[in-house]
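Here's the letter readout for the chains.
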Amino acid sequence: MMQEMTDDKVVMSTEFLFYKIVELHETDKTLDAMEKSLANIHQDAVNNFDNGLVNKNDVLSVELMQDELSSLRIRTQNACRLLRRALAKHIGMADQDIDVDMSFDADIVDPETLKMNTQSALFNRTETQLLDIWVEKSVLERKIAKASMLPIVVAGGRAGYSKLLSEWSSNAIGFIGVQMPISAFWSEKNEYKRKKIEEQKAIDFRKDNLELMSLEIQDAYDNLESTYRQTQIAEKSVARAEENLRICREYNRGGLSTMTVLLDAQRQQQ
């Protein structure tokens, strides 16, 4: 079971590093799209400036935002390289330039389809099984300590034949004894008390950890459900931000909106 827990931790750590790399990769793709969009806005600003429709500040504002994106891209790429090295080390390929497959299932599944009874999930965990074994061990040790305090009963017997005056006769004798461990009675009694306390501690520890794991399972599901809802909201927000950016850009081209409003729309879309 300890091996199962170790395997689970290795898998979880590997998945965490992989998805962080994927996240940064997707961020880099987003920045690439933003830079292309800003390049078009910058060209519009330059054209308007050359035609005397705007002042130099509008052009500089766009260029400053381009600089911000370039700086963010550098930080993103550096973080991605660092995570790839961490993943390589984690899977036993340290100092090697590994290639990470960025393809993954992007379908968003409703958490309701994954939901299960908390108690069922709890008792399927390896940690729960280990806690059960620890309690069983404590119970067994307490029983052994109790057995050492009990008296030892010894029974035996002897039978035989004897010949007297040309006649055979049988005789038998039996005995039974009780041995009390007087010399070690107090030490064994204290050992029994100690084992009994340890057993109760194991039971209490199991109870407390089951309650904590139950809360952990419920919290994990709540976080998943919350993230799912936020994703649905984000999809709507992206569509609205893109439409807002399109309208602001048209207004800016027509001289009906300032560059500040257009760049704010660009940041919202980002």
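Everything discussed here concerns the structure shown above.
So, here is what we can say about the structure in this document.

Thresholds, definitions, all that
- Residues numbered from 1 in each chain as written.
- Predicted model: local features only at pLDDT ≥ 70, side-chain atom pairs only at ≥ 80, totals over all residues.
- Heavy atoms only, no water.
- Helix = DSSP H or I, 4+ residues; strand = E, 2+ residues; numbered from the N terminus.
- Buried < 20%, exposed > 50% of the residue type's maximum accessible area, 1.4 Å probe, protein only.
- Areas by Shrake-Rupley, 256 points an atom, 1.4 Å probe, with all protein chains shown as cover.
- Phe/Tyr/Trp six-rings, centres within 6.5 Å; stacked < 30°, edge-to-face > 60°.
- Axes fitted to C-alpha atoms, helices over the stretch in contact; angles between N-to-C directions.
- Parallel < 35°, antiparallel > 145°, perpendicular 65-115°, else oblique.
- Left-handed = near helix turned anticlockwise from the far one by under 90°.
- Contact = heavy atoms within 4.5 Å.
- Nonpolar A, V, L, I, M, F, W, Y, C, P; charged D, E, K, R; others polar.
- Core = buried A, V, L, I, M, F, W, Y, C linked by side-chain atoms within 4.5 Å.
- Arc of directions from axis to C-beta.
- Patch = residues over 30% accessible without salt bridge, like charges linked within 9 Å, V, L, I, M, F, W, Y side chains within 5 Å.
- Salt bridge = Lys/Arg side-chain N within 4 Å of Asp/Glu carboxyl O.

## Looking at the overall build of the chain
In step 1: Per the secondary structure count, the chain includes 6 helices and 2 strands.
In step 2: Traced from its N-terminal end to its C-terminal end, the chain shows the element sequence α-α-α-α-β-β-α-α.
In step 3: Looking at the 270 residues of the chain, the share that counts as buried comes to 24%.
In step 4: For the chain, the computed accessible surface area is about 19,300 Å², with 55% contributed by carbon and sulfur atoms.

## Some points on the packing of aromatic side chains
Two descriptors summarise a pair of aromatic rings, namely the distance from one centre to the other and the angle between the planes of the rings.
In step 1: As enumerated under the stated definition, the model contains 2 aromatic pairs in all.
In step 2: Ring plane angle 70° and centroid distance 5.0 Å describe the contact between Phe18 and Tyr19, whose orientation is recorded as edge-to-face.
In step 3: We classify Tyr19 as partly exposed; its relative accessible area is 45%.
In step 4: Geometrically, the ring pair formed by Trp134 and Phe205 is edge-to-face, given 5.1 Å between the ring centres and 80° between the ring planes. Separated by 71 residues along the polypeptide, Trp134 in helix α4 (residues 126-147) and Phe205 in helix α5 (residues 185-253) bring together distant segments of the chain.

## Things to note about the packing of helix α1 (residues 2-50) against α4
In step 1: Where α1 contacts α4, the axes come no closer than 10 Å and their chain directions differ by 155°. Of the possible angle classes, the one that applies to α1 and α4 is roughly antiparallel. Of the two possible hands of crossing, α1 and α4 adopt the one that is left-handed. Listed contacts from α4 to Met2, Glu4, Met5 and Asp8 of α1 are Thr126, Glu127 and Leu130.
In step 2: Among the residues making up the contact of α1 with α4, the classes are represented as 3 nonpolar, 1 polar and 3 charged.

## Examining the side chain of Arg73
In step 1: Take Arg73: it is sitting in helix α2 (residues 56-90).
In step 2: A relative accessible area of 14% means that Arg73 is categorised as buried.
In step 3: Not counting chain neighbours up to four residues away, the residues in contact with Arg73 comprise Asp28, Leu31, Asp32 and Glu35.

## Overview of the nonpolar core
In step 1: Counting 15 residues, the largest nonpolar core has Leu38, Ile41, Val62, Met259, Leu262 and Leu263 as the members making the most contacts within it.
In step 2: Those elements giving two or more residues to this core turn out to be α1, α2, α5 and α6 (259-269).
In step 3: Grouped together as the second largest cluster of nonpolar side chains are 11 residues, Ile21, Ala88, Ile98 and Met102 included.

## Some words on α6
In step 1: Along α6, the residues classified as buried are Met259, Leu262, Leu263, Ala265 and Gln266. The buried residues of α6 occupy an angular sector of 155° when the element is viewed end-on, so they sit on one face. Facing away from the buried surface of α6 by more than 90 degrees, the exposed residues are Thr260 and Gln268.

## Quick look at a nonpolar patch on the surface
In step 1: Taken together, the side chains of Val109, Leu114 and Leu224 make up a nonpolar region of the molecular surface, amounting to roughly 270 Å² of accessible area.
In step 2: Tracing the backbone through its elements, the reader meets Leu224 in helix α5.

## Here we look at the pattern of salt bridges
In step 1: Under the counting rule described, the total for this entry stands at 22 salt bridges.
In step 2: Across the salt bridge formed by Arg73 and Asp32, the nearest N and O atoms sit 3.5 Å from each other. With Arg73 in helix α2 and Asp32 in helix α1, this pair connects stretches of sequence that are 41 residues apart.
In step 3: Judged by relative accessible area, which is 32%, Asp32 ranks as partly exposed.
In step 4: Connected via shared salt-bridge partners are Lys137, Glu141, Glu191, Arg194, Lys195 and Glu198.

## Some thoughts on the environment of Ile108
In step 1: Position of Ile108 relative to the elements: it lies in the loop between α2 and α3 (118-123).
In step 2: Overall, the relative accessible area of 47% leaves Ile108 in the partly exposed class.
In step 3: In sequence terms Ile108 and Gln232 are 124 residues apart; their C-alpha atoms lie 9.4 Å from each other.
In step 4: With sequence-adjacent residues up to four places away left out, Ile108 is seen in contact with Tyr228, Thr231 and Glu235.

## With respect to the packing of α1 against α6
In step 1: Put simply, α1 and α6 touch, their axes get as near as 11 Å, and they point 175° apart. Judged by the inter-axis angle, α1 sits roughly antiparallel to α6. Residues Met34, Ser37, Leu38, Ile41 and Ala45 of α1 lie in contact with α6, whose contacting residues are Met259, Leu262, Leu263, Gln266 and Gln269.
In step 2: Residues belonging to the contact of α1 with α6 are distributed by class as follows: 7 nonpolar, 3 polar and no charged.

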